[in-house]
Amino acid sequence: MADEERIRSRARRLGYNLLKIVAFGVHTDRPMERLTNVVKHLEVEAVFTPNLHHFDGFEIPRELHAIATVYTVDQESEYKRKRRRAHQGRRA
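Attention here is on the structure that accompanies the text.

Describing the overall build of the protein
For the protein, the count of helices and strands is 3 helices and 3 strands. For a compact globule of 92 residues, the expected C-alpha radius of gyration is about 12 Å, and the protein comes in at 12 Å, within 12% of that figure. Overall size of the protein, expressed as C-alpha extent along the three principal axes, is 35 × 25 × 20 Å. Counting across all 92 residues of the protein, residues that qualify as buried make up 35%. A fraction of 49% describes how many contacts in the protein between residues 6 or more apart in sequence connect residues 24 or more apart. Carbon together with sulfur atoms contributes 49% to the accessible area of the protein, which is approximately 6,300 Å² in total. Side chains of the protein give 18 positive and 13 negative charges; the mean places of these two sets differ by 6 Å.

What about the side chain of Glu45?
Inspection of the secondary structure assignment puts Glu45 in the loop between helix 2 (31–42) and strand 1 (46–49). For Glu45, the side chain forms a polar contact with the side chain of Tyr16, separated by 3.5 Å.

Side note on the nonpolar core
With 12 residues, the main nonpolar core is built from Leu35, Val39, Val44, Val47, Leu52, Phe55, Ile60, Leu64, Ala66, Ile67, Ala68 and Val70. When contributions to this core are tallied by element, the ones reaching two or more residues are helix 2 and helix 3 (62–67). The dominant element in this core, judged by the number of residues it contributes, is helix 3, at 3 residues. Listed in part, the 8 residues of the second largest apolar core include Tyr16, Phe48, Tyr71 and Ala92.

What counts, and where the lines are drawn
Residues numbered from 1 in each chain as written. Predicted model: local features only at pLDDT ≥ 70, side-chain atom pairs only at ≥ 80, totals over all residues. Heavy atoms only, no water. Helix = DSSP H or I, 4+ residues; strand = E, 2+ residues; numbered from the N terminus. Rg over C-alpha atoms; globule rule 2.2 N^0.38 Å. Buried < 20%, exposed > 50% of the residue type's maximum accessible area, 1.4 Å probe, protein only. Contact = heavy atoms within 4.5 Å. Areas by Shrake-Rupley, 256 points an atom, 1.4 Å probe, with all protein chains shown as cover. Lys, Arg positive; Asp, Glu negative; His and termini not counted. Charge placed at Lys NZ, Arg CZ, Asp CG, Glu CD. Polar contact = N/O pair within 3.5 Å; in protein donor to acceptor, adjacent residues only side chain to side chain. Core = buried A, V, L, I, M, F, W, Y, C linked by side-chain atoms within 4.5 Å.

Okay, structure coming up:
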């Protein structure tokens, strides 16, 4: 719950309208594929995570990084998306 509040706070400070918190358990199959599908479906431009430890190999998956900017909360880092998308407002 603390991670969720820190994510909400960071998104708010950066001017994002946080649409959804997505959390997967250790038994979720293909979590990054599922996350990428949520990002595409909701057409968000940013994903917030407590830290890069939430990704396999501590790296942002290429498919996700191509479509969304990733913000970390612990280090307050920003990893800009690789491709530009038509602007539809700041949604995360």
